[in-house]
Amino acid sequence: MDKISASLETIIAKVGDAATKSGRNPSDIQIVAASKTRSIETLQAAFSTGKLTAFGENRVQEFLSKYSPALPWDFIGQLQTNKVKYLIGKVRLIHSVDRNRLAAEINRLAQKNGLVQKVLVEINSGAEENKGGLPISEAKAFAHSLAEFPNLELKGIMAVAPLNASKNKLHYLFRSVYEVYQSLQEFLPNVDTLSMGMSNDFETAIECGSNLVRLGRILFDSK
Ligand SMILES: *Cc1c(COP(=O)(O)O)cnc(C)c1O
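Residues numbered from 1 in each chain as written. Predicted model: local features only at pLDDT ≥ 70, side-chain atom pairs only at ≥ 80, totals over all residues. Heavy atoms only, no water.

Next up on the list: the pattern of salt bridges. This structure, assessed with the given rule, holds ten salt bridges. With a closest N to O distance of 2.8 Å, Asp-221 and Arg-38 form a salt bridge. Within this pair, whereas Asp-221 is found in the segment after helix H8 (217-220), its partner Arg-38 is found in the loop between strand E1 (30-34) and helix H2 (40-47), the two being separated by 183 residues in sequence. Residue Arg-38 is classed as buried on the basis of its relative accessible area, which comes to 18%. We note a salt bridge from Lys-66 to Glu-57, for which the minimum N-O separation is 2.7 Å. We note that Lys-66, like Glu-57, is buried. Among the charged side chains, a salt-bridge network with shared partners connects Lys-118, Glu-153, Lys-155 and Asp-192. (Salt bridge = Lys/Arg side-chain N within 4 Å of Asp/Glu carboxyl O. Helix = DSSP H or I, 4+ residues; strand = E, 2+ residues; numbered from the N terminus. Buried < 20%, exposed > 50% of the residue type's maximum accessible area, 1.4 Å probe, protein only.)

Around the ligand, the neighbouring residues are Ala-34, Lys-36, Asn-58, Ile-76, Met-198, Ser-199, Arg-214, Leu-215, Gly-216 and Arg-217. Asn-58 places a side-chain nitrogen or oxygen 2.7 Å from an oxygen atom of the ligand. A distance of 2.6 Å separates an oxygen atom of the ligand from a polar side-chain atom of Arg-217. The protein chains hide 87% of the 390 Å² of surface that the ligand would expose on its own. Residues that form the shell around the ligand fall into these classes: four nonpolar, three polar and three charged. (Near = heavy atom within 4 Å. Polar contact = N/O pair within 3.5 Å; in protein donor to acceptor, adjacent residues only side chain to side chain. Areas by Shrake-Rupley, 256 points an atom, 1.4 Å probe, with all protein chains shown as cover. Nonpolar A, V, L, I, M, F, W, Y, C, P; charged D, E, K, R; others polar.)

Along the chain, the position of Gln-117 falls in strand E5 (residues 117-124). Overall, the relative accessible area of 2% leaves Gln-117 in the buried class. Here the side chain of Gln-117 touches Val-91 through a polar contact of 3.3 Å, landing on its backbone oxygen. Ignoring anything within four residues of it in the chain, the contact list for Gln-117 reads Ile-88, Gly-89, Val-91, Arg-92, Leu-93, Ile-94, Ile-106, Ala-110, Asn-151, Leu-152 and Glu-153. (Contact = heavy atoms within 4.5 Å.)

In contact at an axis separation of 10 Å, helix H5 (residues 136-145) and helix H6 (residues 167-185) are set at 20 degrees when each is read in the N-to-C sense. Classed by the angle they form, the pair H5 and H6 counts as roughly parallel. In this structure, H5 meets H6 at a crossing whose hand is right-handed. Touching Ile-136, Ala-139, Lys-140, Ala-143 and His-144 of H5 are Ser-176, Val-177, Val-180, Ser-183 and Leu-184, all from H6. For the contact of H5 with H6, the residue count by class is six nonpolar, three polar and one charged. (Axes fitted to C-alpha atoms, helices over the stretch in contact; angles between N-to-C directions. Parallel < 35°, antiparallel > 145°, perpendicular 65-115°, else oblique. Left-handed = near helix turned anticlockwise from the far one by under 90°.)

A word on the pairing of E5. In terms of residue burial, E5 counts as a mostly covered element, since seven of its eight residues are buried. Regarding topology, helix H4 (residues 100-112) serves as the crossover connection from strand E4 (residues 93-97) to the parallel E5, and that connection is right-handed. As judged from the eight bridges shared by E5 and strand E6 (residues 152-160), these two strands associate in the parallel manner. Opposite Gln-117, over in E6, you have Leu-152 as the bridge partner. As a crossover connection, the stretch from E5 through H5 into E6 is right-handed. (Right-handed = clockwise from strand over helix to strand, strands pointing away. Pairing = 2+ DSSP bridges.)

What follows concerns H5. The complete set of buried residues in H5 reads Ala-139, Phe-142 and Ala-143. Buried residues along H5 cover an arc of 100 degrees about the axis, so they all sit on one side. Summarising the geometry of H5, the exposed residues directed more than 90 degrees from the buried face are Ser-137 and Ala-141. In the core, the buried residues of H5 are packed alongside E4, H4, E5, E6 and H6. (Arc of directions from axis to C-beta.)

What follows is about the environment of Val-15. Structurally, the position occupied by Val-15 is in helix H1 (residues 3-21). Residue Val-15 is classed as buried on the basis of its relative accessible area of 2%. It is 10.0 Å that separates the C-alpha atoms of Val-15 and Asn-211, two residues lying 196 residues apart in sequence. Those residues in contact with Val-15, other than ones at most four positions away along the chain, are Ile-29, Ile-31, Phe-202, Ile-206, Val-213 and Leu-215.

Okay, structure coming up:
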């Protein structure tokens, strides 16, 4: 077994343990590999393990340089409206919808291409200035407003936590995001994805209800 599959197996086991601890099935948690800066060869090797749901890229240019229709791709980074055209038809899920103009452009291009684009609404849970995403207080109303876009399917929420939050704070923020997610589920039957948790905090995120983790360093920088 090469290095990537060895660390993948370890991480999958940890994800599974976290799921079981919170009374859920390990197979209910999607693992998206955050693949920025990793080579396409590395990604192909990782994908061949059969354990990854998709690769999440966060820069359009880098995504295009790696793109192959043989792999499933998500877009997880901040997205400029004028770059949406490079993603439509190529990505499974856009995690970072946080403003009306962006949603309108995704809808317009999806319509033009005869498809429905799956998206998540991004919450900036720590209200950090340099990050994308909506304040948690605005997320619910924004999510409901997406109903005006027929070629856009809202699948749920993506949240990024502040880097240096204490475990208690993290727990509080993740639970608050989960509550928004749950309240959306009451009205929107297609909402089934809560993208929350990275290398540093995926166990806490799963404990708080996440069912999609975005893992970079912990998957690829094996010791
Ligand atoms: C890089 C990245 C991740 C993964 O971060 P790690 O700490 O390497 O696990 C997750 N989400 C987004 C949006 C990222 O840009």
